[in-house]
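Topology and contacts: notes
If you want the building blocks of each chain, they are given just below.
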Protein chains: 2
Amino acid sequence: MELLKQYEAIRHKLKAYRYVMSVVGWDSQTEAPKGAFPRRADMLSVISQDVFQLATSKEYQDAVYGLYEQREELDPLMKREIERVKKGLDKQVKIPQEDYVAYNKLINLSQRVWEDAKESDDWNKFQGNLKQLVDYNRKFIRYYDLDMEDYNVLLDDFEEGMTMELYDHFFDTLRAELVPFVRKVLSEGKPLNKDITTRLFDAKKQQEFCEYLIDVFAYDRNHGLMKESVHPFTWNTHPTDVRFTTRYLEGYVFSSIFAAIHELGHATYEQQVDEKWNDTGLNGGASMGIHESQSRFYENVIGRSKAFWETHYPKFQQLFPDETADISMEDFYRNANKVEASFIRVEADELTYPMHIMIRYDIERMLFSNEIEVEDLPDVWNTKMKEYLGIEPRNHAEGVLQDVHWSAGLFGYFPTYALGSAYAAQFLHTMKQDLDLDDLVQRGDIKAINSWLKDKIHQFGRSKTPLELLQDVTGEPFNPMYYVQYLKDKYTELYL
Amino acid sequence: MELLKQYEAIRHKLKAYRYVMSVVGWDSQTEAPKGAFPRRADMLSVISQDVFQLATSKEYQDAVYGLYEQREELDPLMKREIERVKKGLDKQVKIPQEDYVAYNKLINLSQRVWEDAKESDDWNKFQGNLKQLVDYNRKFIRYYDLDMEDYNVLLDDFEEGMTMELYDHFFDTLRAELVPFVRKVLSEGKPLNKDITTRLFDAKKQQEFCEYLIDVFAYDRNHGLMKESVHPFTWNTHPTDVRFTTRYLEGYVFSSIFAAIHELGHATYEQQVDEKWNDTGLNGGASMGIHESQSRFYENVIGRSKAFWETHYPKFQQLFPDETADISMEDFYRNANKVEASFIRVEADELTYPMHIMIRYDIERMLFSNEIEVEDLPDVWNTKMKEYLGIEPRNHAEGVLQDVHWSAGLFGYFPTYALGSAYAAQFLHTMKQDLDLDDLVQRGDIKAINSWLKDKIHQFGRSKTPLELLQDVTGEPFNPMYYVQYLKDKYTELYL
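This section reports on the structure supplied with the text.

What counts, and where the lines are drawn
Residues numbered from 1 in each chain as written. Chains lettered and ligands numbered in written order. Predicted model: local features only at pLDDT ≥ 70, side-chain atom pairs only at ≥ 80, totals over all residues. Heavy atoms only, no water. Pairing = 2+ DSSP bridges. Helix = DSSP H or I, 4+ residues; strand = E, 2+ residues; numbered from the N terminus. Axes fitted to C-alpha atoms, helices over the stretch in contact; angles between N-to-C directions. Contact = heavy atoms within 4.5 Å. Buried < 20%, exposed > 50% of the residue type's maximum accessible area, 1.4 Å probe, protein only. Polar contact = N/O pair within 3.5 Å; in protein donor to acceptor, adjacent residues only side chain to side chain. Least-squares fit on C-alpha atoms with pLDDT ≥ 70 in both. Salt bridge = Lys/Arg side-chain N within 4 Å of Asp/Glu carboxyl O. Buried area = accessible area lost by both parts, 1.4 Å probe. Nonpolar A, V, L, I, M, F, W, Y, C, P; charged D, E, K, R; others polar. Arc of directions from axis to C-beta. Phe/Tyr/Trp six-rings, centres within 6.5 Å; stacked < 30°, edge-to-face > 60°.

Another point: the sheet that holds strand 1 (residues 226-228) of chain A. Residue and element names in this part refer to chain A. Reading across the sheet, the three strands line up as 1-3-2 and stay open at both edges, with mixed pairing between neighbours. The outermost strands of the open sheet, each flanked by one partner alone, are strand 1 and strand 2 (234-238). Averaged over all neighbouring strand pairs, the angle between strand axes comes to 20°, with direction disregarded. Bridge count between strand 2 and strand 3 (residues 241-246): four bridges; the pairing is antiparallel. Opposite His238, over in strand 3, you have Asp241 as the bridge partner. Each of strand 1, strand 2 and strand 3 is contacted by helix 1 (residues 2-30), which is oriented at about 160° to strand 2, the strand it contacts most.

Take a look at the structure:
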């Protein structure tokens, strides 16, 4: 009981420190003046040092490891929490201080190096840093001394319970089923009647439409807000404060709409986590993959459905009468689901998106199984791109250098993006047994859908692992065929 | 040297903690969702406890009191800093912990009690709390054990060096010179040709005009930003991050304009403090009074001058052609300087404003000299109002209950508001010997004025006391006659 008290006191303190740092982060990403950067970095470094010291302090280690020893006597949820915390703590304390410091310096440096390399389209500028980043990760995995293959350690970091075995099955399925289907849609698909993706739409009116969408999705404004930022994101500290951003591109109206709906999916999840987890370590969304399943469900399953636009296109037309005078609801719906073989992951459509992830998974998997080396990345990238989407990047900026993740030391992260959509399709299959989804969407009753999501998924926070949650909700283990079927049905109807 | 290092390390840490709390404060006052309040309070209480512990820790006390002992050997600026810090620390450590906690609880409670009393116009609801607040302050003053009269301790807290003797002279001068002058303007003044203070002006266009004003005043956008809040304020952590707010009332266009210009005065001051004070305890503005002198100088001396509107009224007319079709520049200028006997301090005009402060000063002075008791306040208030402005409040909400300050335990604060305008007039008199102010304002060259202010006042941060600064800039001690003369000249020309 003493140990538990000690643990809970430090946990509360860590939450408070992370909370204030997080508010500073929100500020810096949404409005802080540019010139304030150096001072902020100086001030934040004081706080983050304090957090690091506390999170690796003897007191905290004593509490966590002590409780871990006695975990069988703990309440099952506290047991689960302690196991997770212990796993994270192991990773922090097993890395020698000097490696930890050197690695963090390298990461800071590498992001600037990557930016520069991308800007000047010069792979060689980045190759050395990336090699070091990969080597540090390989080294750290050995420090952890886990009985797992290297890449599995990384995969599990971002999605608890996921392994190469599970992901291989997932991506093998997509490779076999989707690659030929995408080819067919691209070559034989019925073209758009009119392409409005490049028409100009006033930013202020886009904002007005996004404000409208907030209410359509029944988002709780008393516990959140929408703002603008260069890269849309969701920010939360607690179910009572969940904010998100979108961005307004006058030349691409779908950007603000689908970024807003996507982030609303994340935000609604966080708002609906049961408050009973607040002060525990089981608060927040279950995992990155489950989180992404909720945002993709909102964005693609609801937001890009015909039922949705049957109801909300009139409002859009009302705001943009001139721009949409020659565009029927059907045209608009097909534009929102435009399929294209393209180079940039973040701009990819729903159907081709998983191809982009497959490339990254294949590369990371080979890299951490020592089948390829960093030098091989550009060639492998371009070859895979050709294989999956039939196109070849004209330069590295639109190829292997496009994403920030690797420069930040994030390996094992990408696959969760594809996983999210696959989880979403599996959840959808179950949901349809309980709800007439199309009818609810058409009637504008997203509240009923939110209730289902809260009841089945959101409320549980992190008290279940992602794969447990999936099993509990859908009654079966992860099955990528729901995703394949969902995509084939939708895009056959749209294009073939 | 060891002590100095110890002091500087804790100082840096305290700055970082206050910085993050301050960002959370900015967030909560400008955008945080309402429902986030309880969680924020919980998280902030952890940080503020840490700040309190550190700021009263044995380590910090050893450093500060140790350095104070050896202050004659310190560099003169460090000596000054340590003297100020020691004075503040004395006050914190001399109050017994239980009194400190009880007082803070009382303050939290009293603000809600005051709000309720004001809303229901019921003085009796608030009287008990106010009595306790006054008693605690009287008690604390005795703990400090200073060789000063009670009210002087409070006055010095808010404006270093100011005493009843100096304030009495100030307010006696105003009473003798201004009260009859105000009466004359109110009874004999030439009325406005047209009153536009109640016309409707679109909020978005008001915002556009305020954005224009930001550039007129040459505010540094790379180190600041403007936002909206219910109560306009300036927020700063450092010269590289100085923000401010205004508010848009469609039924009173002068609110956004003069709040923006007022806050720009505060913000420009903070932006122009020399960076060399950043990491010391002498950063930021010199005092509340000096700060207010800069905001009032911007707002009243520049912003409400004829020269200013000769140049900028065309821009205003361009934004509001219909609303201003029948309004000449002269009409607009006189509207911006409309004089009225009114009840509410924060809505008072430049000329009658000091009368409102006199009432509060008289009351506080008598209260802390034990000449009156809290029970007497409503009567004294109404009598003074009648005496200074010739009007009597119809209820306590527009009388003795109108301000939040006393409910927050702030006694001795009000006089600095009037002091600011008087300092400004004295600075103005000196500035006019160096610059042709009207000409610069008319030519839109506020930069030259900012340079003068930086050179003479802003750069020094808190390295001088307010009265030293005034003496250094103007070559003489505080002299309220500059203020009286400034007001008489301006309002004689406008009204008589």
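Read on, since the account is not over.
Time to look at the side chain of B:Arg345. All names here are of chain B. Along the polypeptide, Arg345 turns up in the loop between helix 13 (329-335) and helix 14 (353-368). Judged by its relative accessible area of 6%, Arg345 is buried. Here Tyr353 takes part through its side chain, which lies 3.1 Å from a polar atom of the side chain of Arg345.

With an RMSD of 0.1 Å, the operation that places chain B on chain A is a rotation of 179° combined with a shift of 0.0 Å along the axis. Overall, the copies show the geometry of a two-fold rotation axis. Within chain B, the C-alpha atom positioned nearest to the axis of rotation is that of B:Val20, 3.0 Å from it. Residue by residue, 100% of the interface of chain B is reproduced at the interface of chain A, so both copies engage with the same surface.

Turning our attention to the pattern of salt bridges. Summed over the entire model, instances satisfying the criterion amount to 89 salt bridges over all chains. Notably, a salt bridge pairs B:Glu83 with B:Lys79, separated by 3.5 Å at the nearest N-O pair. In this pair, B:Glu83 and B:Lys79 both sit in helix 4 (residues 76-94), four residues apart, roughly one turn of the helix. Relative accessible area serves as the criterion here: at 23%, B:Lys79 is assigned to the partly exposed category. Through salt bridges with shared partners, a single ionic network connects A:Asp27, A:Glu31, A:Lys227, A:Asp241, A:Arg243, B:Asp27, B:Glu31, B:Lys227, B:Asp241 and B:Arg243.

Next up on the list: the sheet that holds strand 3 (residues 241-246) of chain B. Residue and element names in this part refer to chain B. The strand order across the open sheet built from three strands is 1-3-2, with neighbouring strands paired in mixed fashion. Two strands lie at the open edges of the sheet, namely strand 1 (226-228) and strand 2 (234-238), each paired on one side alone. Shown here is a sheet whose adjacent strand axes are inclined to one another by a mean of 20°, direction ignored. Pairing of strand 1 with strand 3, which is carried by three bridges, proceeds in the parallel orientation. The residue of strand 3 that forms the bridge with Glu228 is Thr246. Lying over the sheet, helix 1 (residues 2-30) contacts strand 1, strand 2 and strand 3, oriented at roughly 160° with respect to strand 2.

A few words on the environment of A:Tyr495. If you trace the backbone, A:Tyr495 turns up in helix 20 (residues 481-495). Excluding anything up to four places from it in sequence, A:Tyr495 contacts A:Val185, A:Glu188, A:Gly189, A:Lys190, A:Leu192, A:Arg334, A:Asn337, A:Lys338 and A:Val339.

All right, on to the interface of chain B and chain A then. Facing the 37 residues of chain B at the interface are 37 residues of chain A. Carbon and sulfur atoms supply 61% of the area that chain B and chain A bury against each other, a total of about 3200 Å² over both sides. Contact with chain A buries surface across chain B, with B:Tyr19, B:Arg39 and B:Met43 losing the most and accounting together for 19% of the total. Counting across the interface, chain B meets chain A through 10 salt bridges. Between A:Asp279 and B:Arg39 there is a salt bridge whose closest N-O contact spans 2.9 Å. Along the contact surface separating chain B from chain A lie 19 residue pairs in polar contact (both at pLDDT 80 or more). Where the side of chain B that touches chain A is concerned, the elements lending two or more residues are helix 1, helix 2 (37-55) and strand 3 of chain B. Per element, the largest residue contribution to the side of chain B that touches chain A is 11 residues, and it comes from helix 1 of chain B. The residue inventory of the side of chain B that touches chain A, partitioned by class, reads 15 nonpolar, eight polar and 14 charged.

The subject of this paragraph is helix 18 (residues 446-456) of chain B. All names here are of chain B. Among all positions in helix 18, only Ile446, Ile449, Asn450, Trp452 and Leu453 are buried. All buried residues of helix 18 project into a common sector of 160° when viewed along the axis, lining one side. Residues of helix 18 that are buried in the fold lie against helix 9 (203-216), helix 10 (253-272), helix 11 (288-302), helix 16 (415-434), helix 17 (437-442) and helix 19 (466-474).

Below, the discussion takes up unusual backbone geometry. Residues and elements named next belong to chain A. If you check the backbone angles, Asp145 has positive phi at about 55° while not being a glycine. A positive phi angle is found at Ala218, which is not glycine, with a value near 55°. Locating Ala218 in the fold gives a position in the loop between helix 9 (203-216) and strand 1.

What follows concerns the side chain of B:Lys86. Its location among the elements puts B:Lys86 in helix 4. Other than its neighbours up to four places away in sequence, B:Lys86 contacts B:Val64, B:Tyr65 and B:Tyr68.

Residues and elements named next belong to chain B. Most of strand 3 is tucked away: six of the six residues are buried. In strand 3, alternate side chains face the same way, and those of Asp241, Arg243 and Thr245 on one face and Val242, Phe244 and Thr246 on the other are all buried. Hairpin connection between strand 2 and strand 3: a loop of two residues separates the two successive antiparallel strands.

This brings us to helix 19 (residues 466-474) of chain A. Residues and elements named next belong to chain A. What helix 19 keeps buried is the set Pro466, Leu469, Leu470, Val473 and Thr474. Taken end-on, helix 19 shows its buried residues confined to a sector of 105°, consistent with a single buried face. Looking at the buried side of helix 19, the elements it contacts are helix 11 (288-302), helix 16 (415-434) and helix 18 (446-456). After helix 19 finishes, the residue Gly475 shows a positive phi value of roughly 75°.

All names here are of chain B. Relative to the elements of secondary structure, Glu165 occurs in helix 8 (residues 164-188). According to the relative accessible area criterion, Glu165 is exposed, its value standing at 67%. A C-alpha to C-alpha distance of 9.0 Å links Glu165 and Asn152, two positions 13 residues apart in sequence.

Now for the packing of aromatic side chains. All names here are of chain B. Across all of its chains, the model carries 87 aromatic pairs over all chains by this definition. Ring centres of Phe170 and Tyr483 lie 6.4 Å apart, and the angle between their planes is 45°; this geometry places the pair in the tilted category. Residue Phe170 is found in helix 8, and its partner Tyr483 is found in helix 20 (residues 481-495); the two are separated by 313 residues along the sequence. The two residues Phe170 and Tyr483 agree in class, both being buried. Between Tyr313 and Phe316, the aromatic rings sit 6.2 Å apart at their centres with planes inclined by 20°, giving stacked as the arrangement. Of this pair, Tyr313 and Phe316 are both found in helix 12 (residues 306-319), three residues apart, which corresponds to roughly one turn of the helix.

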